[in-house]
Amino acid sequence: MDPHALLLFLGVDLLLVCTPGPDWLYIAARGLGQGRTAALTAVAGVCAGYGVHTLLSAAGLAAALRALPGLLPVLRLVGAGYLAFLAVTMLLTLRREGHETLTAARPQPTRVVLRQSLLTALLNPKGLLLYLSLVPQFVIPDAGLPVGAQVATLGAVNVLCCAAVYTAVALTTARLATRLTTTPTAARRLSAVSAVLLLAVAGVTAAA
């Protein structure tokens, strides 16, 4: 692949990934509400989701979605609904355990966080639009490397950028949460804040 095109894509992609958006808020919500392990698991799930986007785009799905523009709004609303469902579930769990309990809110199992994060990334319209609009601009049809391989390379660069930036977000918010959750009550309140953040992500996603 043309090194100049690859470096240019890296610069543009880093700029986009470093811009706070739904992914930032989602990972911050995990870090604040459930700690370092959950936040890093969320990063892994989100990156895995974008890895799936990369493989599907390399196989030609991006072109199919471009031919069916009405599908994107549906996916956007489904994604927003799923995030809202996660937020409401967290709030109901906190309420069921009782506001006066002396124990902090129980963290979700790693496999649950990983599955939820993977679905969140798969339904994120921002990720879909990147493969629909940005990646094709850096693909050179008459290059020696096949188009599918070029898309896979660019997608892999995006996944690596997301992994680096989102890991920093996860560690920062988890460290902040550790300082703030000095008591079980404070931990529960921070979990409630993380649920509200997820609702905010759902709203941003629906309005995108």
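Please refer to the structure higher up on the page.
Residues numbered from 1 in each chain as written. Predicted model: local features only at pLDDT ≥ 70, side-chain atom pairs only at ≥ 80, totals over all residues. Heavy atoms only, no water.

Considering the overall build of the protein chain
Helix and strand counts for the protein chain stand at 9 helices and 0 strands. Moving toward the C terminus, one meets the helices and strands of the protein chain in the order α-α-α-α-α-α-α-α-α. Burial statistics for the protein chain: of 208 residues in total, 41% are counted as buried. Sequence-distant contacts in the protein chain: of pairs separated by 6 or more residues, those separated by 24 or more amount to 85%. Counting only carbon and sulfur atoms, one obtains 72% of the accessible surface of the protein chain, whose full area is about 10400 Å². (Helix = DSSP H or I, 4+ residues; strand = E, 2+ residues; numbered from the N terminus. Buried < 20%, exposed > 50% of the residue type's maximum accessible area, 1.4 Å probe, protein only. Contact = heavy atoms within 4.5 Å. Areas by Shrake-Rupley, 256 points an atom, 1.4 Å probe, with all protein chains shown as cover.)

Here's the deal with the nonpolar core
Judged by nonpolar contacts, the single largest core of 28 residues is most densely connected at Phe9, Ile27, Tyr50, Val135 and Tyr166. At the level of secondary structure, the elements contributing two or more residues to this core comprise α1 (3–17), α2 (22–34), α3 (36–58), α6 (110–122), α7 (125–134) and α8 (147–180). Element by element, the count of residues in this core is highest for α8, at 10 residues. Val135 has contacts with Phe9, Leu130, Val151 and Leu154, leaving out every residue within four places of it along the chain. (Core = buried A, V, L, I, M, F, W, Y, C linked by side-chain atoms within 4.5 Å.)

Considering the packing of α3 against α7
Interaxial distance between α3 and α7 falls to 10 Å at its minimum, and their mutual angle equals 30°. On the basis of the axis angle, α3 is roughly parallel to α7. Seen along the crossing, α3 lies across α7 with a hand that is right-handed. Taken together, the residues of α7 that come into contact with α3 (itself represented by Tyr50, His53, Thr54 and Ser57) are Gly127, Leu128 and Tyr131. (Axes fitted to C-alpha atoms, helices over the stretch in contact; angles between N-to-C directions. Parallel < 35°, antiparallel > 145°, perpendicular 65-115°, else oblique. Left-handed = near helix turned anticlockwise from the far one by under 90°.)

Some remarks on the environment of Ala149
Relative to the helices and strands, Ala149 is located in helix α8. The partly exposed category is assigned to Ala149, whose relative accessible area is 28%. Between the C-alpha atoms of Ala149 and Ala59, which are 90 residues apart in sequence, the distance is 9.4 Å.

Describing the packing of α2 against α6
The interhelical angle for the contact between α2 and α6, taken along N-to-C directions, is 160°, at an axis separation of 12 Å. Accordingly, the angle class assigned to the pair α2 and α6 is roughly antiparallel. Note that α2 runs across α6; the crossing there is right-handed. Taking contact as the criterion, the partners of Tyr26, Arg30 and Gln34 in α2 are, on α6, Val113, Gln116, Ser117 and Thr120.

Some details on α2
Here α2 spans 18 Å end to end across 13 residues, near enough to the 18 Å set by a 1.5 Å rise per residue. Burial runs high along α2: 11 of the 13 residues are buried. Of the residues making up α2, those classed as buried are Pro22, Asp23, Tyr26, Ile27, Ala28, Ala29, Arg30, Gly31, Leu32, Gly33 and Gln34. The first or second residue beyond α2 is Gly35, which carries a positive phi of 95°. (Expected span 1.5 Å × (residues − 1).)

Details of the environment of Asn124
Mapping Asn124 onto the fold places it in the loop between α6 and α7. Residue Asn124 is classed as buried on the basis of its relative accessible area, which comes to 5%. Separated by 47 residues in the primary sequence, Asn124 and Leu77 have C-alpha atoms spaced 9.6 Å apart. With sequence-adjacent residues up to four places away left out, Asn124 is seen in contact with Asp23 and Tyr50.

Thoughts on the environment of Ala29
If you trace the backbone, Ala29 turns up in helix α2. Its relative accessible area of 3% is what places Ala29 among the buried residues. Taking C-alpha positions, Ala29 is 9.4 Å from Ala174, a pair spaced 145 residues apart along the chain.

Looking at a nonpolar patch on the surface
On the surface, Val88, Leu91, Leu92 and Leu199 cluster together into a nonpolar patch covering about 300 Å² of accessible area. The topology assignment puts Leu199 in helix α9 (residues 184–207). For Leu199, a relative accessible area of 36% corresponds to the partly exposed category. (Patch = residues over 30% accessible without salt bridge, like charges linked within 9 Å, V, L, I, M, F, W, Y side chains within 5 Å. Salt bridge = Lys/Arg side-chain N within 4 Å of Asp/Glu carboxyl O.)

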